[in-house]
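What the coordinates show
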There are 2 protein chains.
Amino acid sequence: MAALSVSPLAPASQPVLPKIRGVRLAGMAIGLKKNGGRDLMLAELAPGTTIAGALTRSLCPSAPIEWCRHALKGGKARAIIVNSGNSNAFTGNAGDITVAETVKSAMALIGCKAEEVFIASTGVIGQPLPPDAIAKALPRIAKNLKFSGWKDAAEAIRTTDTFAKSVTRTVTIGDTRVTINGIAKGSGMIAPDLATMLAFLFTDAAIPADVLQKIVSRAVKRSFNSITVDSDTSTSDTVLFAATGMAQNKTIEHLNDKQLKPFRRAVESAMVELAQLIVRDGEGASKFITIKVRGAASGGAARRVGLAIANSPLVKTAIAGEDANWGRIVMAVGKAGERADRDRLGISIGGVPITLNGQIVENYDETPVAKHMTGSDIDIEVDLDIGKGKATVWTCDLTHGYIDINGSYRS
Amino acid sequence: MAALSVSPLAPASQPVLPKIRGVRLAGMAIGLKKNGGRDLMLAELAPGTTIAGALTRSLCPSAPIEWCRHALKGGKARAIIVNSGNSNAFTGNAGDITVAETVKSAMALIGCKAEEVFIASTGVIGQPLPPDAIAKALPRIAKNLKFSGWKDAAEAIRTTDTFAKSVTRTVTIGDTRVTINGIAKGSGMIAPDLATMLAFLFTDAAIPADVLQKIVSRAVKRSFNSITVDSDTSTSDTVLFAATGMAQNKTIEHLNDKQLKPFRRAVESAMVELAQLIVRDGEGASKFITIKVRGAASGGAARRVGLAIANSPLVKTAIAGEDANWGRIVMAVGKAGERADRDRLGISIGGVPITLNGQIVENYDETPVAKHMTGSDIDIEVDLDIGKGKATVWTCDLTHGYIDINGSYRS
């Protein structure tokens, strides 16, 4: 299949990421991608780096996912190794051996424990990944490690994303200025099987692993777990956040430490931006859709209602057709399985109220809504009016492009 | 929008339904459908008829659904009134008044209690249905009631289904021959909002309402709740089964009465056939897909795994593209949320084993599978190999036709 042109929803430019003390990165080509592009990323982390993460809920996860689930218990990291071009998923015992060989090679190279090495793989599934494919490449890629290697790293984790994805934030903890950088891939047509989502974030802040894990778990819920392209969950989805501690900020012991607030907000905002970039590279996407739900029984209920709307093929195709078909939003609210009251439901599109108290508003004029639907950013607001729960989710429309990409990939 | 041509998956012919003692039907046009077609169905049922049903789980249901939920508690029926062209959903208090007026008119006409009148509506949502639109038409349609009115009835409940759907079975209870007839609509592009599914079944058997309800609940699970076109749930989905008792078979007191077995099997088989007809009229469908799951932890788990595969846009687009992309089936099994073991999973397509024990089979030859994918009936088998639960679900592929139908309906 020919390379896709860059998504029409891609941001005009991407930030140049600043250096982070304690993080060196490299990207290179080792022949896993058929097109000869960069397909291996190595991030080397300073001694003492803590790590936290979130992994796919798939019950048929890849070999690297199973390894990361084990290694995350230690909360320490010295290396993150990511390859594209082969997901090492559904490869049985051979997949586990490849992971073990990769870990062994990294231990020798860096001089660290096995559980300080993290691995993620994305690409074709069910194809064996030779046990030494990555292991033997590590000494070579290590020679290219640079504090400024962010762009190479972001390129190496791409499969067929139409643009590389990166974000940066600076913020203070107490008096100390710290940086957060993040790179991600996903939701562009991932060759050839799965829309795997990977995100790696790094900071020079000093944060204990247990606090870092709580920060990640909460931020992931409001970012990567609040986006959807097609409701399909990959065998390999991975978010990792490494904190080198080299900023030497005041030690933080508790999640609720007031001095941690700006940092927590910055992490969430960085993850939301990465998540939105993934949606903006959604397969065949022509519209970026924001769905705000309020008045739900709880925050979780609001998110599930939002995702029911975001995952509805009927809603997504209507938006692709620039049709303000609010009846389909009613349908999606009804099927979400969360408490709702037909006679209280309010729906707005593009800021224009369409229904109120379970009925279409009197003298509803579709003109401004129809105009909003022709834009590339679509805003939907739903008020269940039964509680205080709220959530925002993001998705894209369902177009002929999605069918083309996914229906004829191997033809 | 121009009328669609008949689905390529439609059966070559439809049965002519025999008469059922105690059931007279009629269909006529009362101006709810813009094209002037038949849009009102009346079924008059003999005194003593028992009824059971299954209604949408949507939490924003239509006014008729709320009425049927109440009326079903009585277990008795004298009339079923169905209109197409307006779903009377999301119409607030006005919708309830229309239902009340319709019920009142039917009570006067037939001489029955309110709770013996059942109503279903399908079509546009959020548009008021005038309170007397159906009420005042009932005396007129009643003049056309006929024991042979099946075809008129099946036509009147269609919206934009590309073909009318009907099935029939004859079977014995003890020594008595009884007939089961069923009609259904759905999943063809339902104008203009929802893919509502309606099915009405009738028999001359004498079955107490509580036993009938148990028969319906079980059969619905294996039929209408085992199909999916696009994972969206309508505000109006309705299944009703009326038993007139005029065959005067031996009284059945218990679900597990051995003499009821052939009848139960026939009901399930009739519902499965109607459900399959709905899938065969799926929006834009070009392939009819049967997914058999075995070896699951339970029957429910097997059905949920089957539906996860059937609802996956990645699986459905691959099949539309005639691509034997089994990796997407692994992904869907993983995301189903049911217990699975990566290293035990077996997948076959068209009877050809592709994976065994969590790995691709040695020397896998895709040729026969690729050939199977070019046919119109696609068979997928998944063996989780961890338990005895099994289930079969049916779906169709996701094509450009679906996007056309749902993305540009109002343009």
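Residues numbered from 1 in each chain as written. Chains lettered and ligands numbered in written order. Predicted model: local features only at pLDDT ≥ 70, side-chain atom pairs only at ≥ 80, totals over all residues.

A few words now on the packing of helix α7 (residues 299-311) of chain A against helix α9 (residues 327-335) of chain A. Residues and elements named next belong to chain A. Two elements in contact, α7 and α9, have axes separated by 8 Å at closest approach and are oriented at 130 degrees. One element, α7, and the other, α9, form an angle in the oblique class. In the crossing of α7 with α9, the sense of the turn from one axis to the other is right-handed. Facing V305, A308 and I309 of α7, the residues of α9 in contact are I329, A332, V333 and K335. (Axes fitted to C-alpha atoms, helices over the stretch in contact; angles between N-to-C directions. Helix = DSSP H or I, 4+ residues; strand = E, 2+ residues; numbered from the N terminus. Parallel < 35°, antiparallel > 145°, perpendicular 65-115°, else oblique. Left-handed = near helix turned anticlockwise from the far one by under 90°. Contact = placed C-beta atoms within 7 Å.)

Residue and element names in this part refer to chain B. The pairing of strand β11 (residues 288-296) with strand β15 (residues 377-383) spans seven bridges and is classified as parallel. Looking across to β15, one finds that R294 is bridged to D383. Bridge analysis of β11 against strand β16 (residues 389-396) gives seven bridges, and the strand direction is antiparallel. When the bridges of β16 are listed, K292 appears paired with T392. (Pairing = 2+ DSSP bridges.)

Below, the discussion takes up helix α11 (residues 400-407) of chain B. With six of eight residues buried, α11(B) is to be regarded as a mostly interior element. Residues of α11(B) that are buried include every one of B:G401, B:Y402, B:I403, B:I405, B:N406 and B:G407, and no others. Where the residues of α11(B) are buried, they touch α8 (313-320) and α11 (400-407) of chain A. (Buried ≥ 20, exposed ≤ 12 C-beta atoms within 10 Å, placed from the backbone.)

Residues and elements named next belong to chain A. Structurally, P8 can be placed in the segment before β1 (23-28). According to the C-beta neighbour criterion, P8 is partly exposed, with 13 such atoms within 10 Å. Separated by 118 residues in sequence, P8 and G126 place their C-alpha atoms 32 Å apart. Leaving out residues up to four positions away in the same chain, P8 has contacts with S286 and S376.

Although it is not a glycine, A:N363 adopts a positive phi angle of roughly 55 degrees. Note on placement: A:N363 falls in the loop between β14 (359-360) and α10 (367-373). If you check the backbone angles, B:N88 has positive phi at about 45 degrees while not being a glycine. The buried category is assigned to B:N88, around which 32 C-beta atoms lie within 10 Å.

Residue and element names in this part refer to chain A. You can read the domains of chain A as domain 1 (23-280) and domain 2 (288-407). Between the C-alpha centres of domain 1 and domain 2 there is a distance of 33 Å. Opposite the 10 residues of domain 1 that make contact, domain 2 presents 12 residues. Looking at the side of domain 1 that touches domain 2, the elements with two or more residues in it are β9 (227-228) and α6 (261-280). The element that contributes the greatest number of residues to the side of domain 1 that touches domain 2 is α6, accounting for four residues. (Domains from an automatic or database assignment.)

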